Amino acid sequence: MEFRRITSLPPYVFTIIDSLKVAARRDGADIIDLGFGNPDLPSPQIAVDKLCEAAHNEKNHRYSASRGLPKLREAAANYYRHRFGVELDPDTEVISTIGAKEGFSHLMWVLLEKGDVALVPSPSYPIHIFGPLFAGANVREIPLGTGDEFFGNMVEQWEYSHPKPRVIVLSFPHNPTTTCVDLEFMQRVVDFAREHDVLLVHDNAYADLGFDGYRPPSIMQAEGAKEVAVELYSMTKSFSMAGWRMAFMVGNPEVIAALAKLKSYLDYGTFQPIQIAATVTINEEMDYPREVNAIYQSRRDALCTGLSRIGWDIEPPMGTMFAWAPIPEPYLEMGSVEFCSYLVREAQVALSPGVGFGPGGEGHVRFALIENEQRTNQAIRNLKRALTKLG
């Protein structure tokens, strides 16, 4: 039997490392997992308490609204006002999604069909590549670099593309490369989109994770952004609520309305007690992301300092919960999958192979900052023992 939308999908390379982890743990190995970006920090206590309280109310067991409760959308709008100085209409410019991946994927269904083109950064978080492909569109990759390099590459891809792209996918701070941009970059992209009649979709998953004084901008802060852009904001990292699947899409009201129409056919929204708990959390714990940010910065410092100590120098990231590292020269010929497999076997450390984020990621690995400083330092000691060619 042929399964239409998944037959052409390549093997998910991360499963290779996952299988090795499982096998090693079965043999009693203590694997330090710095691969999967699964936040380990607990959710705010107020979220847990409010969830329990709301779940005991049987009225909340019924279907909810796919657009999100009105008070939840108001809370999201209030957060954008507090964090970014951006005014949003909660009725027309905010919609709740069941996590950012759901919102992004279904938005691609709304915007794209067979024969359309989307521009996507390379390397990239997998759903940013496969979301447009699931919708039947063609994907053209924009090689990443600095903000200026990326903008130049984007313009070049636009000029050489036929037909002209309908969508440009952005995500800064970027996963996996941790590339960061400023508000001036966002304004340049918005100005380009207004001039060329293309929609920008910005996944702002790491909106509150900026280090050393860096504050990631929202594309909504750029003048004219609501004409040509929507943005995804997730509570996964900022509020450490990964399993809750609570995110929002904000921006252009026509696009928000189109997504709402599709979602009305597909779902009844997130379980209502989760929406209630998220509403209270945003309203009463608005500064919680700063606490989370400080923890990730401390972990970043421990990782980068430790790697430098053993001869593996990398650029400390300015944002995200990751570090993007070139494979050390003596091991480069192994490729990212074989190198990560080697580290599971010989160092009991699991990382994500760069090629899992597209061909542009080969030659790199991704560290996730999901272990405390003590475990991170243990991982460094393990790596030092295994990477004998570093000297």
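Structure first, text after, so check above.
Residues numbered from 1 in each chain as written. Predicted model: local features only at pLDDT ≥ 70, side-chain atom pairs only at ≥ 80, totals over all residues. Heavy atoms only, no water.

**So, the side chain of Gln272**
The test is simple: Note on conventions: DSSP H or I runs of at least 4 residues are helices, E runs of at least 2 residues are strands, and numbering of each starts at the N terminus. Within 3.5 Å is the distance limit for a polar contact, defined as a pair of N or O atoms, with the added protein rule that one can donate a hydrogen and the other accept it, and that residues adjacent in sequence qualify only through two side-chain atoms. Note on definitions: a residue-residue contact is assigned when non-hydrogen atoms from the two residues lie within 4.5 Å.
Within the secondary structure, Gln272 sits in helix H11 (residues 272-284). For Gln272, the side chain forms a polar contact with the side chain of Asn60, separated by 3.1 Å. For Gln272, the residues in contact, after removing those within four places along its chain, are Lys59, Asn60, Tyr63, Ser64 and Leu69.

**As for the packing of aromatic side chains**
Selection criterion: Geometry of aromatic contacts follows a simple scheme: Phe, Tyr and Trp rings, the Trp one being its six-membered ring, pair when their centres are within 6.5 Å, and the pair is stacked under 30 degrees between planes, edge-to-face over 60, tilted otherwise. Buried means the residue's accessible area, taken with a 1.4 Å probe over protein chains only, is under 20% of the maximum for its type, while exposed means over 50%, and partly exposed covers the values in between.
With the rule as written, the count across this model stands at 17 aromatic pairs. Ring centres of Tyr79 and Phe239 lie 5.9 Å apart, and the angle between their planes is 65°; on these two criteria the pair is classed as edge-to-face. Highlighted residues: Tyr79 in helix H3 (residues 70-84) and Phe239 in the loop between helix H9 (235-238) and strand E8 (247-251), separated in sequence by 160 residues. Like Phe239, Tyr79 is buried. The interplanar angle of 10° and the centroid separation of 6.4 Å between the aromatic rings of Phe239 and Tyr288 together place this pair among those described as stacked.

**Digging into the pattern of salt bridges**
What counts, and what does not: Any carboxyl oxygen of Asp or Glu within 4 Å of a side-chain nitrogen of Lys or Arg constitutes a salt bridge here.
One pass over the full model with this rule turns up 16 salt bridges. Arg83 serves as the salt-bridge partner of Asp208, at 3.0 Å between the closest nitrogen and oxygen. Residue Asp208 is found in the loop between strand E6 (199-203) and helix H8 (225-228), and its partner Arg83 is found in helix H3; the two are separated by 125 residues along the sequence. Arg194 is paired through a salt bridge with Glu227; the nearest N and O atoms lie 3.2 Å apart. Taken together, the residues Arg194 in helix H7 (residues 183-196) and Glu227 in helix H8 connect sequence positions 33 residues apart. Residue Arg194 is classed as partly exposed on the basis of its relative accessible area of 38%. Members of the salt-bridge network, linked through shared partners, are Asp18, Lys21 and Asp33.

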